[in-house]
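Structural description and commentary
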Amino acid sequence: MISEIRLRRARIDLVSPFRTSFGVETSRELLYVEVSGEGTTGWGECVAMSEPMYSSEYVDGCESVLRRFMLPLVNRDTTAQSFARAVSGIRGHYMAKAVLETALLDFQLRRDGVSLGTFLGATQTRVRSGVSVGIQPSIDDLLRVVQGYLDDGYQRIKLKIEPGFDIEPVRAVRTTFGAELLLQVDANSAYQLSDAEHLARLDEFDLLLIEQPLPEEQVASHAQLSKVVRTPICLDESILSADVAREALDIGACSIINIKPGRVGGFLEAKKIHDLCYERGVAVWCGGMLETGIGRAANLALAALPGFTLPGDTSASSRYFRRDVTAPFVLRDGHLDVPTGPGIGIDPDTDYLDSITSRSDKVLVCDE
Ligand code: OSB
Ligand code: MG
């Protein structure tokens, strides 16, 4: 039974600035949900960023909608499944739904002694790691950064692109590191359909995929784009639910999907998208949102499902933080191990977490 829920706000510095087409991040603002009872605590980490630039969600907004509209639906008997049903009438706010649903799920799985991987149907004990490389000040810088990640053992490189930093950086990386390198790009919605001919210039570099070239709402335009560009289109921002995923696949808007549990309202919905894609033979991979160890552990459980056939943005702790809030996730032979303990399988270092915490509020107390 749940006895209390807390919201914790914290901040952690990134090891290096992360630049995308929508902005530069130098630190990560954090929102954790802690669901406690019977001597157990379940954890969720919110993927929303400080500002609504990746999508319309942002971390203060998530806290607000959680407090006003979602936490009032929770009582001592609420489960992840009953919570998902209860919030199905609230439109949008996927990242807020996901953080609370995940904390509830972690709580009940820990209590039952079941790992998140087992619960979801994981078939792998470790997952191949890729890395997302931010936009760099110059191509020389980019080549240096990519070389460093390859030295670390990353199995796939994703380059962030934007208009003005696309064809030439991709050409330089392909030429320098050779045809065997698994290489893909992510535009974070920075182009328009009228850029189709320009994006088709990427075809010669034999990329695994182009991720989210056009705005989130323009799903059908991606189907148009895919008639001009030979490189497979992968959607990230656009895929907010299994229903959207089905429609996007039906109209040919994408042939690959980046699944982020936080973006789709949680792991229950993420599993549905996986199952849909698996049934249709559509490849998926696990994206990331610069998570700390709490969010990373949960993503790894998902990434261990059989449909995750492409390396994800599930990178080692050291790619993001000097010190993670959990024991660090370390790359071994280009892989990360999937946690096997109950729930997400890892606990934060509470002394360290407390040291970066700005506030921790009890937001729900359940009566006996
Ligand atoms: O579009 O995949 C993205 C990070 C923050 C927000 C959006 C994205 C990303 C990344 C990095 O590409 C993923 C990661 O390493 O966590
Ligand atoms: Mg992306």
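This write-up is about the structure you can find in this document. (Residues numbered from 1 in each chain as written. Chains lettered and ligands numbered in written order. Predicted model: local features only at pLDDT ≥ 70, side-chain atom pairs only at ≥ 80, totals over all residues. Heavy atoms only, no water.)

Note on sheets: strands pair through backbone hydrogen bonds, and any given pair is parallel or antiparallel. As summarised here, the arrangement of the four strands in space is β3-β2-β1-β13, forming an open sheet in which the pairing is antiparallel. Because the sheet does not close on itself, it has two edges, and the strands there are β3 (40-45) and β13 (357-365). Recorded for the sheet is a direction-independent mean angle of 25 degrees between the axes of neighbouring strands. Two strands pair when backbone bridges link them, and strand β1 (residues 4-20) and β13 are joined in this way by seven bridges, in the antiparallel orientation. Note that in β13 the partner of I5 across the bridge is L364. (Pairing = 2+ DSSP bridges. Helix = DSSP H or I, 4+ residues; strand = E, 2+ residues; numbered from the N terminus. Axes fitted to C-alpha atoms, helices over the stretch in contact; angles between N-to-C directions.)

The next subject is the site of ligand 1. Around ligand 1, the structure places 18 residues, and the nearest of them are S132, K160, N188, L290 and Y320. Here an oxygen atom of ligand 1 and a side-chain polar atom of S132 are 2.9 Å apart. Note that an oxygen atom of ligand 1 is positioned 2.8 Å from one of the backbone N or O atoms of L290. In isolation ligand 1 has 390 Å² of accessible area, and contact with the protein removes 100% of it. With respect to the detected pockets, ligand 1 is housed in the largest cavity. Across the shell around ligand 1, the residue classes tally to seven nonpolar, three polar and eight charged. Two domains each provide a minimum of three residues to the shell around ligand 1, namely domain 1 (4-112 + 350-364) and domain 2 (117-337). (Near = heavy atom within 4 Å. Polar contact = N/O pair within 3.5 Å; in protein donor to acceptor, adjacent residues only side chain to side chain. Areas by Shrake-Rupley, 256 points an atom, 1.4 Å probe, with all protein chains shown as cover. 1 Å grid on protein atoms, 1.4 Å probe; cavity = no way out; pocket = protein on both sides within 12 Å on 5 of 7 lines; lining within 4 Å. Sits in = over half its atoms within 2 Å of the grid points. Nonpolar A, V, L, I, M, F, W, Y, C, P; charged D, E, K, R; others polar. Domains from an automatic or database assignment.)

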